[in-house]
Amino acid sequence: MADSKLSKYRSKRDFKKTAEPSGEAAVAPSARRRFVIQKHDASHLHFDLRLELDGVFKSWALPRGPSLDPKDKRLGVEVEDHPLEYGDFEGTIPEGEYGGGTVMLWDRGYWMPEGDKSPEDQLKSGNLKFSLDGQRLHGSWVLVRMKRDRNGGKRTNWLLIKHRDEFAREDSDEPSDDDRSVASGRTMAEIASGKGPKPKPFMLKGGKAAADAVWNSNRDETETSRTRKKLNSRSKTSSPDAKPADAAVVMGVTIKKPEKILWPDAGDRKPVTKLELARYYEAVGSWMIAHLKGRPCSIVRAPDGIHGQHFFQRHAMPGTSSMLTLTKVLGSKEPFLEIDRVEGLAEVAQLAGLELHPWNCQPGNPELPGRLVFDLDPAPSVDFDAVVEGAREIRDRLEAVGLVGFCKTTGGKGMHVVTPLSLAKKGEISWSDAKSFARDLCLQMAADNPKRYLAKMTKKERTGRIYLDYLRNDRTATAVAPLSPRARDGAPVSMPLLWTQLRPGLDPLRFTIRTVPGLIARSTAWQEYCDAERPLAPAIKRLTRSKAA
């Protein structure tokens, strides 16, 4: 079937002259559909979107590349199906050949159709909805077929549109401006010259890079009692004689390749290994689990460490460990992952899960907001003391409408202010209500001091100011969890703090995988978090009255 679909592709190419794949190489099987986006400097610079389906890549040429702005509808010209091995092609097509020019692997990862119809039926109807889990692009998208070519031609034209979700960015800079390959780290110029490292394989059999982001377990029980029995059993058999030679056991979970370096340095000139990550999760797990339990959670995985490939994993896969809960979410066929027990964090470490990004819903109910997160993201020239001042102002504004704010670092130069929400006794507050409230509060704050704050992400307007990001307050939006490590140099951690700890000169990067376990053990930060839950409806009314005044 795939061979017949590739006849048009092959008819356009002379494989004696071009290094492009012919479609005859063995491709590694995958439990998930893969996608690639290639930056292609041919007669005109453009991007090629390729979605794996029925043994080939369905392909579209994007003249202007993808956009994260839902208002920006990008033209996609449907082209011939490409072989799956094309997903590993990075190099130069000779001039004079079809598509002659330089090709970069700009993004790659996995995609999943959305909705009740099969992707084949959606393509046939001209409305393909899908989500991407790539190294650059994430979230929900749609391809809509246009009724006819605006120039009267015979091309099949589509529009690629970003859906509104946690990954959408209105008025943002072009994501396609990033000029480095996700497979080799090379620029277009380096690829054209043939210099630099070779791209890591993604599609072909026998490649060193994994062709799958799969879970490393065959267990599928979900009952707590059965899980506990398995933990006890594994603990008993995890003696030096029973476990693999290159393994260790943490919280009953076998950590394979425990000496694998994930961070080259934790601010102390010493690398952080996979085993250390597991022991970190063990040390802070009892504190951390309350903010993860009952909420779908996305995991940033980096099997080769922070400078290798990153995978954004949010859906469960066949064979998912019983220590990770599978949860159904309305509107999605695929179950999402939850971390509902401390031992699950050890399983996350085994998977090289470096960051945890839970939803902000009520525990056990993804349809209702459970907390609001205000993300203060400073421009590079803004010092941390100014960010602290901004966080205090958000706290004060929340208190003025009856809500309680808690603070934490983000693992970078920013801060999060988090306010817990209680369930409404009468009626329910929707995600739309929550997002609108967060937006209005940020807009008021930016309007009151426009030289210091702004509520739009546009980079050209951010110089010297702090971006007040309210977009994390949506149904499928996430925020990095308290005490989650970050996949960044120095092994920083998103550290929950008391407001009294925010002293002048505080360095947020001092909170690392190595320093945090001892600090959090002595800290009283966030102890009143659960008692501070407040209903959002009265706060919305108070904020509305303040706007009218």
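See the structure above.
Residues numbered from 1 in each chain as written. Predicted model: local features only at pLDDT ≥ 70, side-chain atom pairs only at ≥ 80, totals over all residues. Heavy atoms only, no water.

(A) Broad picture of the sheet that holds strand β21 (residues 371-378). Strand order in this open sheet of six strands is β24-β25-β21-β23-β22-β26, and the pairing throughout is mixed. If you trace the sheet from one side to the other, it starts and ends with β24 (453-454) and β26 (496-497), each paired once. As paired strands, β24 and strand β25 (residues 466-469) are joined by two bridges and run parallel to one another. Paired with Leu454 across the strands is Tyr467, a residue of β25. Against the sheet, helix α8 (residues 384-400) touches β21, β22 (406-409), β23 (415-420), β24 and β25, its axis set at about 15 degrees to β23. (Pairing = 2+ DSSP bridges. Helix = DSSP H or I, 4+ residues; strand = E, 2+ residues; numbered from the N terminus. Contact = heavy atoms within 4.5 Å. Axes fitted to C-alpha atoms, helices over the stretch in contact; angles between N-to-C directions.)

(B) The arrangement of the pattern of salt bridges in detail. All told, the structure shown has 25 salt bridges when counted by the stated rule. For Asp81, the salt bridge is made with Lys58, and the minimal N-O distance between the two is 3.1 Å. Taken as a pair, Asp81 in strand β4 (residues 74-82) and Lys58 in strand β3 (residues 56-62) lie far apart in primary sequence, 23 residues in all. Asp474 serves as the salt-bridge partner of Lys435, at 3.3 Å between the closest nitrogen and oxygen. With Lys435 in helix α9 (residues 431-448) and Asp474 in the loop between β25 and β26, the pair connects residues that are 39 residues apart, well separated along the chain. For Lys435, a relative accessible area of 23% gives the class partly exposed. Via salt bridges that share partners, Arg32, Asp133 and Arg314 belong to a single interconnected network. (Salt bridge = Lys/Arg side-chain N within 4 Å of Asp/Glu carboxyl O. Buried < 20%, exposed > 50% of the residue type's maximum accessible area, 1.4 Å probe, protein only.)

(C) Examining the packing of aromatic side chains more closely. Across all of its chains, the model carries 12 aromatic pairs by this definition. The interplanar angle of 55 degrees and the centroid separation of 5.3 Å between the aromatic rings of Tyr86 and Phe89 together place this pair among those described as tilted. Relative accessible area serves as the criterion here: at 7%, Phe89 is assigned to the buried category. Ring geometry for Trp287 versus Trp526: centroids 6.1 Å apart, planes at 50 degrees, classification tilted. Of this pair, Trp287 sits in helix α6 (residues 274-288) while Trp526 sits in the loop between α10 (516-522) and α11 (536-548), and the two are 239 residues apart along the sequence. Every member of this aromatic cluster is reached through a ring pair, and the members are Trp287, Phe406, Trp526 and Tyr529. The cationic tip of Lys162 hangs over the ring face of Trp141; the distance from NZ or CZ to the ring centre is 5.3 Å. When the ring centre of Trp499 is taken as reference, the NZ or CZ atom of Arg395 above it lies at 4.7 Å. (Phe/Tyr/Trp six-rings, centres within 6.5 Å; stacked < 30°, edge-to-face > 60°. Lys NZ or Arg CZ within 6 Å of the ring centre and 35° of its normal.)

(D) Molecular detail of the sheet that holds strand β18 (residues 353-358). Read from one edge to the other, the open sheet built from three strands follows the order β15-β14-β18, with strand pairing classed as antiparallel. Both edges of this open sheet fall to β15 (311-313) and β18, since each of them pairs with a single strand only. Averaged over all adjacent pairs, the angle separating strand axes in this sheet is 20 degrees, with direction ignored. Relative to β18, strand β14 (residues 297-301) is paired through five bridges, and the arrangement is antiparallel.

(E) A look at α9. Compared with the 26 Å implied by 1.5 Å per residue over 18 residues, the 26 Å span of α9 between its first and last C-alpha is a close match. What α9 keeps buried is the set Trp431, Ala434, Phe437, Ala438, Asp440, Leu441, Cys442, Gln444, Met445 and Ala446. (Expected span 1.5 Å × (residues − 1).)

(F) Structural detail: the pairing of strand β7 (residues 127-134). The element β7 is extensively covered by neighbouring structure, given that six of its eight residues are classed as buried. Pairing between strand β6 (residues 101-113) and β7: five bridges, direction antiparallel. In the strand pairing of β7, Gly109 is matched with Gly134. The pairing of β7 with strand β8 (residues 138-145) spans seven bridges and is classified as antiparallel.

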